[in-house]
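Per-entry structural report
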Amino acid sequence: MAKIRKAVIPAAGLGSRMYPLTRAQPKEMLPILDKPVIHHVVDEILSAGIDQILVIVGKGKESIINYFDYNELDLKFNSMPDFPEIFFVRQREQKGLADAVKYAKKFVNDEPFMVLAGDTIYGSNKEKTIAQQIIDVFNRKSSTVIGLEKVPIEKVKHYGIVNGDEIEKGLHLIKNMVEKPEISEAPSNLAITAAYALQPDIFAFIDKIKPGKNNEYQLTDALNLMCKEQDVFGIEIDGKRYDIGSKEFWVETFIEFARKDERFSYIFKNPDNL
Ligand code: G1P
């Protein structure tokens, strides 16, 4: 069975929920402590032993490309140890996540691959990172695997929502998926976390879908077709997902990371600082 060696980071979204922060800076470049969000995403990918990365950018995202240039200060600060090869492609129009992923077809070249959103980072409760947890299931099942997280029911309208059979604790064989449903239409409260290990057949299903929610090509719709024809699993991630797509989450995430990091946690220990 083919091993996952490649990862795709869609980073072409407009960042409208972060406005005006994103007027001149991509949301993927917002800092979480001393690294931009996308650097944390790359670290997550590297943790899974993946060494080829494609970033899908769009209009106004040039600083992401610049960030990965060689910089002689890297040696001094050891800021980019063992960085892999990173490729870039531009999504020409904002037509949704499935359309963005389609730009990865040549890079993927018929191999299985991971997709990790450029605006979402993870903290694991286990020794294994979230990317490793997903790849473990992929290696065991040789099928597409989606990272899942239970969300409060009032939040289902923000996410792709799945339902299926729980075949082992936290492991679901998915039967159905809906992108950002209203509460009344949500088949469960199991949300897609923006981390996927995909079989390359996904491109054939992307070719079959029509514009869906918000008139965009939705990856959830392609996966929904896929799960009717082949096994698609969902694994409840053992850890936490930090969605940097809104201001509140960005601020919360920054503070949570600072509290946990010994370089910055002193700030919270001295009440005079708060
Ligand atoms: C995307 C996916 C959605 C998923 C979400 C996770 O939505 O379409 O299914 O639940 O990522 O963050 P977006 O956040 O790009 O609107």
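Quick note: structure is the one above.
In this report, the structure presented in the accompanying data block is examined. The residue count restarts for each chain, going from 1 along the sequence in the order it is written. For this predicted model, a pLDDT threshold of at least 70 governs which residues receive local features, and a threshold of 80 or more governs which side-chain atom pairs are given and counted, while totals over whole chains, interfaces and linings are taken from all residues. Processing note: side-chain calculations cover all non-hydrogen atoms of the structure and skip hydrogens and water entirely.

Some details on the overall build of the chain
Starting at the N terminus, helices and strands are each numbered in turn, a helix being any DSSP run of H or I of at least four residues and a strand any DSSP run of E of at least two. Scanning the chain from N- to C-terminus turns up ten helices and 13 strands. Over its C-alpha trace the chain gives a radius of gyration of 18 Å, about what one expects of a compact globule, namely 19 Å for 274 residues. With respect to the principal axes defined by its C-alpha atoms, the chain has extents near 55 × 40 × 35 Å. Between buried and exposed lies partly exposed: a residue is buried under 20% and exposed over 50% of the maximum accessible area for its type, with that area taken using a 1.4 Å probe on protein chains only. Within the span of the chain, comprising 274 residues, buried residues form 50% of the whole. Contact between two residues is taken to exist if any of their heavy atoms lie within 4.5 Å; hydrogens are not considered. A fraction of 77% describes how many contacts in the chain between residues 6 or more apart in sequence connect residues 24 or more apart. In this tally, Asp and Glu contribute negative charge and Lys and Arg positive charge; neither His nor the terminal groups of the chain are included. The atom standing in for a charge is NZ when the residue is Lys, CZ when it is Arg, CG when it is Asp and CD when it is Glu. If you average the places of the 37 positive and of the 41 negative side-chain charges in the chain, the two averages end up 3 Å apart. For this measure, only C-alpha atoms enter the radius of gyration; the expected value for a globule follows 2.2 Å times N^0.38, where N is the number of residues.

Quick notes on the packing of aromatic side chains
Note on aromatic pairs: each is described by the distance of the centres and the angle between the planes. The rule is short: rings of Phe, Tyr and Trp, with Trp giving its six-membered ring, pair when the centres are within 6.5 Å, and they are stacked under 30 degrees, edge-to-face over 60, tilted in between. In this structure the tally under the stated criterion is five aromatic pairs. Summarising the aromatic geometry, the rings of Phe68 and Phe88 are spaced 6.3 Å apart at their centres and angled 40° between planes, so their arrangement reads as tilted. One end of the pair, Phe68, is in the loop between α2 (62-67) and α3 (73-77); the other, Phe88, is in strand β5 (residues 85-90), and 20 residues separate them in sequence. For Phe68, a relative accessible area of 15% puts it in the buried group.

Considerations on the site of the ligand
Throughout this document, a residue counts as near a molecule or strand when at least one of its heavy atoms sits within 4 Å of that molecule or strand. Lining the immediate surroundings of the ligand are Leu97, Tyr159, Gly160, Glu179, Lys180, Ile192, Ala194, Gln218, Thr220 and Arg241. The backbone of Gly160 places a nitrogen or oxygen atom 2.9 Å from an oxygen atom of the ligand. One of the side-chain nitrogen or oxygen atoms of Glu179 is found 2.7 Å away from an oxygen atom of the ligand. For this scheme, ten residues count as nonpolar: Ala, Val, Leu, Ile, Met, Phe, Trp, Tyr, Cys and Pro. Four count as charged, namely Asp, Glu, Lys and Arg, and the remainder, Gly too, count as polar. Split by residue class, the shell around the ligand holds four nonpolar, three polar and three charged. Throughout this description, a polar contact denotes any pair of N or O atoms lying within 3.5 Å of each other; where both atoms belong to protein, one of them has to be capable of donating a hydrogen while the other can accept it, and for residues adjacent in sequence the pair is counted only when both atoms sit in side chains.

So, the pattern of salt bridges
The salt bridge definition used is simple: a Lys or Arg side-chain nitrogen within 4 Å of an Asp or Glu carboxyl oxygen. Summed over the entire model, instances satisfying the criterion amount to 17 salt bridges. With a shortest N-O distance of 2.7 Å, Arg263 and Asp34 are connected by a salt bridge. Note that Arg263 is positioned in the loop between α9 (247-260) and α10 (266-269) and Asp34 in the loop between β2 (31-32) and β3 (35-36), a separation of 229 residues in sequence. Between Lys240 and Glu256 there is a salt bridge whose closest N-O contact spans 2.9 Å. With a gap of 16 residues between them, Lys240 in strand β13 (residues 239-243) and Glu256 in helix α9 connect regions that are remote in the sequence. Lys240 gets classed as partly exposed once you look at its relative accessible area, which sits at 38%. When salt bridges that share partners are traced, they join Arg5, Lys6 and Glu111 into one network.

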